Amino acid sequence: MGAPIARRLLSWPGGLVVCDVRPEAAEPFVSEGATAAATPAEVARTARLVSVTVLDDAQVRDVVQGPDGILGTAAPGTVIAVHSTISDSTAVELAEACATHG
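Residues numbered from 1 in each chain as written. Predicted model: local features only at pLDDT ≥ 70, side-chain atom pairs only at ≥ 80, totals over all residues. Heavy atoms only, no water.

Chemist: What exactly am I supposed to notice about a nonpolar patch on the surface here?
Modeler: A cluster of nonpolar side chains, Trp12, Leu49 and Val79, forms an exposed patch at the surface whose accessible area comes to about 290 Å². The residue leucine 49 is located in strand S3 (residues 49-52) in this model. Given the relative accessible area of 44%, leucine 49 is considered partly exposed. (Patch = residues over 30% accessible without salt bridge, like charges linked within 9 Å, V, L, I, M, F, W, Y side chains within 5 Å. Areas by Shrake-Rupley, 256 points an atom, 1.4 Å probe, with all protein chains shown as cover. Salt bridge = Lys/Arg side-chain N within 4 Å of Asp/Glu carboxyl O. Helix = DSSP H or I, 4+ residues; strand = E, 2+ residues; numbered from the N terminus. Buried < 20%, exposed > 50% of the residue type's maximum accessible area, 1.4 Å probe, protein only.)

And the structure:
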């Protein structure tokens, strides 16, 4: 799901920053002008809208709250859009964590 979203955003005026644990998955977008980031935290240093497209609840938690997660560097007002299929309780838990970071 992440690849089609990224493809649509390549021409977005704000630019596109991509991050994947598999560098080969990000490479086609980098070759077309996206910027590569090594961690979700690196993405959040510059992006004010972060789309998360990973496999499950544990991965979403790690991307958002983990040691190299979005909340470590995201500025107040950053929007985190989770496109993954996760439980409603995980979504509520993450919303509460995000609210404490503004």
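Right, picking up where we left off after that structure.
Chemist: I keep staring at the packing of helix H4 (residues 57-65) against helix H5 (residues 88-100) and nothing clicks. Help me out?
Modeler: Each pair of packed helices gets described by two things: the angle between the helix axes and the distance between those axes. Two elements in contact, H4 and H5, have axes separated by 11 Å at closest approach and are oriented at 5 degrees. Our classification of the angle between H4 and H5 gives roughly parallel. When H4 is examined against H5, the residues Asp57, Val60, Arg61, Val64 and Gln65 are found in contact with a partner set consisting of Thr90, Glu93, Leu94, Ala97 and Cys98. Its residues assigned to classes, the contact of H4 with H5 comprises five nonpolar, two polar and three charged. (Axes fitted to C-alpha atoms, helices over the stretch in contact; angles between N-to-C directions. Parallel < 35°, antiparallel > 145°, perpendicular 65-115°, else oblique. Contact = heavy atoms within 4.5 Å. Nonpolar A, V, L, I, M, F, W, Y, C, P; charged D, E, K, R; others polar.)

Treat this as a map of the structure, not an account of what it does.
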